[in-house]
Amino acid sequence: MPKLQGLILEQLAQVQFATNMQLAALCSSQASNVSNAIKALLNAGLIDGSLQTRPMILQLTPGAGRLLGVPTPSGRRHSSWSVMAHGCHRNAAGEILAAQHKGFRFLSRMTLHQQGFNPGHGEHGAIDDAGTAWFVLLDDFMMGSDRINRAWTRRHTPNRKHWPDPTGRAWCDVAQRFLVISTDEQHALRHREWILKTSLPAEVMHIKPLWKS
């Protein structure tokens, strides 16, 4: 298999969902080269990009998952649109934050389970090269601002396979930076107003949505 095709599969194994432009950035390759590699992988049945969206959301097929030893939906189970789009918005946020904070990277769900967390939809842990622990609450689903409080202070019910103590952790226990990201500019303003009223130690950032609502 050509090196670029293998690299694309490795990146999808890590992020699960991505657009072709995101894969070009993740692979540090020209978009045209990545597009050609994606076509080859689609034809080989190793990635799936059948959704009629622009940009298209790409993911590993079960066959590619078995090849790489990573879990993928099986049988008739498919990830929902909101889950796939959220994954791509997380990639977009990660790219912006990595440009601002050296070594910024999101932690995998498995890593968070091993640290006593059981994150809900939109909740992401991250670190950077300065050793800063981040809690990022990514809102691309128009959540109510009151969730910001609950997400920050909620005591998690841990996955006992990875964290034997029945008492899980809360993001406020460990995170040194708390960032709320919204894909809707007006909703980001509402979140900012809520944070000012409640004196939460959170910052708010707006990123452009990848798809028009």
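Anything mentioned here points back to the structure above.
Every value quoted in this text rests on a predicted model; they were computed, and no experiment measured them.

Undergrad: Is there a simple way to think about the side chain of Arg90 in this case?
TA: On the secondary structure map, Arg90 appears in helix H5 (residues 81-100). Buried within the structure, Arg90 lacks any salt-bridge partner; Asp140 is the closest side chain of opposite charge, at an N-O distance of 10 Å. Setting aside residues no more than four positions away along its own chain, Arg90 makes contact with Phe106, Leu107, His124 and Leu138.

Undergrad: Explanation requested: the packing of helix H1 (residues 3-15) against helix H3 (residues 31-43) in the structure shown.
TA: Two numbers describe a pair of packed helices, the interaxial angle and the distance between the axes. Close contact between H1 and H3 brings their axes to 9 Å; oriented N to C, the two are set at 80 degrees. Taken as axis vectors, H1 and H3 run roughly perpendicular relative to one another. Seen from H1, the contacting residues are Leu4, Gln5, Ile8 and Leu9; seen from H3, they are Asn33, Val34, Ala37, Ile38, Ala40 and Leu41. Its residues assigned to classes, the contact of H1 with H3 shows 8 nonpolar, 2 polar and no charged.

Undergrad: Explain the pairing of strand S4 (residues 123-127) here, please?
TA: The side chains of a regular strand alternate between both faces of the sheet. With 4 of 5 residues buried, S4 lies mostly within the body of the structure. Note that strand S3 (residues 105-106) and S4 share 2 bridges and pair antiparallel. Its bridge partner lying in S4, Arg105 is registered against Ile127. Two elements, S4 and strand S5 (residues 133-139), share 5 bridges in a ladder whose sense is antiparallel. The residue bridging Ile127 from the neighbouring strand is Ala133, located in S5. What sits between the antiparallel neighbours S4 and S5 is a turn of 5 residues, in which Gly131 has the positive phi angle 85 degrees.

Undergrad: I keep staring at the packing of aromatic side chains and nothing clicks. Help me out?
TA: Any two aromatic rings considered together are summarised by their centre-to-centre distance and by the angle between their planes. For the structure shown, the criterion picks out 8 aromatic pairs. Between the aromatic rings of Phe117 and Trp171, the centroid separation amounts to 4.2 Å while the plane-to-plane angle is 10 degrees, which identifies the pairing as stacked. Separated by 54 residues along the polypeptide, Phe117 in the loop between helix H6 (109-114) and S4 and Trp171 in helix H8 (residues 171-174) bring together distant segments of the chain. Residue classification places Phe117 among the buried residues on the basis of a relative accessible area of 1%. Judged by its relative accessible area of 2%, Trp171 is buried. Residues Trp152 and Phe178 carry aromatic rings whose centres are separated by 4.5 Å and whose planes lie at 5 degrees to one another, so their mutual orientation is stacked. One end of the pair, Trp152, is in helix H7 (residues 146-153); the other, Phe178, is in strand S6 (residues 177-182), and 26 residues separate them in sequence. Classification of Trp152 as buried rests on a relative accessible area of 10%.

Undergrad: Can you help me understand the packing of H7 against helix H9 (residues 185-198) in this one?
TA: The N-to-C vectors of H7 and H9 enclose an angle of 60 degrees; their axes lie 9 Å apart at closest approach. Classed by the angle they form, the pair H7 and H9 counts as oblique. In this structure, H7 uses Asp146, Ile148 and Asn149 to contact H9, whose residues at the interface are His191, Trp194, Ile195 and Thr198. Residues belonging to the contact of H7 with H9 are distributed by class as follows: 3 nonpolar, 3 polar and 1 charged.

Undergrad: Just checking my understanding: could you explain the pattern of salt bridges for this structure?
TA: Any two side chains of opposite charge can pair, given that their charged atoms come close. One pass over the full model with this rule turns up 6 salt bridges. For the salt bridge of Arg154 with Glu123, the shortest nitrogen-to-oxygen distance reads 3.0 Å. Residue Arg154 is located in the loop between H7 and H8, and its partner Glu123 is located in strand S4; the two are separated by 31 residues in the primary sequence. Glu123 sits in the buried class, given a relative accessible area of 4%. A single network of salt bridges, built from pairs that share partners, joins Glu123, Arg147 and Arg154.

Undergrad: In this structure, what is going on with the nonpolar core? I would like to understand it.
TA: Across soluble globular proteins, you tend to see nonpolar side chains buried next to one another. Membership of the largest hydrophobic core comes to 18 residues, with the highest contact counts inside it found for Phe135, Leu137, Ile148, Trp152, Phe178, Val180 and Ile195. Within the residue set of this core, elements represented by two or more residues are S5, H7, S6 and H9. For this core, the leading source of residues is H7, giving 3 residues. If we ignore the near neighbours within four places in the chain, the residues touching Trp152 are Phe135, Ala170, Trp171, Cys172, Ala175, Phe178, Leu200 and Pro201. By size, the runner-up hydrophobic cluster in this structure holds 17 residues, among which are Val15, Ala18, Ala24 and Leu41.

The rules behind the values
Residues numbered from 1 in each chain as written. Predicted model: local features only at pLDDT ≥ 70, side-chain atom pairs only at ≥ 80, totals over all residues. Heavy atoms only, no water. Helix = DSSP H or I, 4+ residues; strand = E, 2+ residues; numbered from the N terminus. Buried < 20%, exposed > 50% of the residue type's maximum accessible area, 1.4 Å probe, protein only. Lys, Arg positive; Asp, Glu negative; His and termini not counted. Salt bridge = Lys/Arg side-chain N within 4 Å of Asp/Glu carboxyl O. Contact = heavy atoms within 4.5 Å. Axes fitted to C-alpha atoms, helices over the stretch in contact; angles between N-to-C directions. Parallel < 35°, antiparallel > 145°, perpendicular 65-115°, else oblique. Nonpolar A, V, L, I, M, F, W, Y, C, P; charged D, E, K, R; others polar. Pairing = 2+ DSSP bridges. Phe/Tyr/Trp six-rings, centres within 6.5 Å; stacked < 30°, edge-to-face > 60°. Core = buried A, V, L, I, M, F, W, Y, C linked by side-chain atoms within 4.5 Å.

Any link to function would need more than the numbers given here.
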